[in-house]
Each structure stands twice: as structure tokens, then as C-alpha cells.
Amino acid sequence: SQIQGPTPAAPFVSVSGRVSNSGGYGVFRAVVTITDSQNNVRYTYTSPFGYYSFANVATGGTYTIAVSSKQYTFTPQTMQLNADSNVDFVAGP
């Protein structure tokens, strides 16, 4: 018999957040990517106020979320997702 680990509450979660510049203003049409451990990439664009969202993200995996913008630089964030998550980005210097 196999030993089962703890089962996540939901098989899928959502990841959303806001992308802003150092002045706190949302960055419009920045490309936000979410990459899983098998290098599967999904992307979306930020809204006029800098918001983004990914739905149906499988729980339990490790993901890297990154933002690409022509005007600003952002540091990617890597995390394990087990629940709905809010991941915000603020432009670096």
C-alpha cells in the first residue's frame, strides 16, 4: 500500500497581485509569467491599474512568478503554492 501525504484543500488555486512602480502607481500591460517546475509557462498582462490574476494553478508545485516591463525591473519570486495567493511586485531601482 502507498502512504498518502496531506491532501491540499483544493486541487487548484488562484494567484493574483499588483505590479507597481516605486511611486506606487500600477504598471499597465506588463507581462506577468508563472512557470512551474517542468518549465510550463503561462502569461497574462496587467490591467491599467497594475493588477493581474492566474486561475486554475495546480496546488503543491513550486512556481516562479516574474514580471517583464519595458520601463521597469522586477525581481522574480519563487514559491510553493498551496492556497490562493497574493503576490505583489514593486519596481526596483
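Placed above this text is the structure.
Procedures and definitions
- Residues numbered from 1 in each chain as written.
- Predicted model: local features only at pLDDT ≥ 70, side-chain atom pairs only at ≥ 80, totals over all residues.
- Heavy atoms only, no water.
- Helix = DSSP H or I, 4+ residues; strand = E, 2+ residues; numbered from the N terminus.
- Buried < 20%, exposed > 50% of the residue type's maximum accessible area, 1.4 Å probe, protein only.
- Contact = heavy atoms within 4.5 Å.
- Areas by Shrake-Rupley, 256 points an atom, 1.4 Å probe, with all protein chains shown as cover.
- Core = buried A, V, L, I, M, F, W, Y, C linked by side-chain atoms within 4.5 Å.

When its secondary structure is counted, the protein chain shows zero helices and eight strands. The linear arrangement of helices and strands in the protein chain, starting from the amino end, is β-β-β-β-β-β-β-β. Seen through its C-alpha atoms, the protein chain measures out along the principal axes to roughly 55 × 20 × 20 Å. For the protein chain, buried positions account for 33% of its 93 residues. In the protein chain, the share of contacts with a sequence separation of at least 24, taken over all contacts with a separation of at least 6, comes to 49%. Looking at the protein chain as shown, the accessible area adds up to about 6100 Å², and 51% of this sits on carbon and sulfur atoms.

Turning our eyes to something else, we now look at the nonpolar core. Generally speaking, a soluble globular protein has its nonpolar side chains buried in company with each other. Counting 19 residues, the largest nonpolar core has Val-15, Val-19, Tyr-52 and Ile-65 as the members making the most contacts within it. At the level of secondary structure, the elements contributing two or more residues to this core comprise strand E1 (12-20), strand E2 (31-35), strand E4 (51-58) and strand E5 (62-68). Not counting residues up to four positions away in its chain, the partners in contact with Tyr-52 are Val-15, Ser-16, Gly-17, Arg-18, Val-19, Val-32, Thr-44, Tyr-45, Thr-46, Ile-65, Val-87 and Phe-89.

All right, on to the environment of Gly-26 then. Following the sequence through the fold, Gly-26 ends up in the loop between E1 and E2. Since its relative accessible area comes to 25%, Gly-26 is described here as partly exposed. Along the sequence, Gly-26 and Thr-46 sit 20 residues apart, while their C-alpha atoms lie 8.5 Å from each other. For Gly-26, the contacting residues outside a window of four places in its chain are Arg-18, Val-19, Ser-20, Pro-48, Phe-49 and Gly-50.

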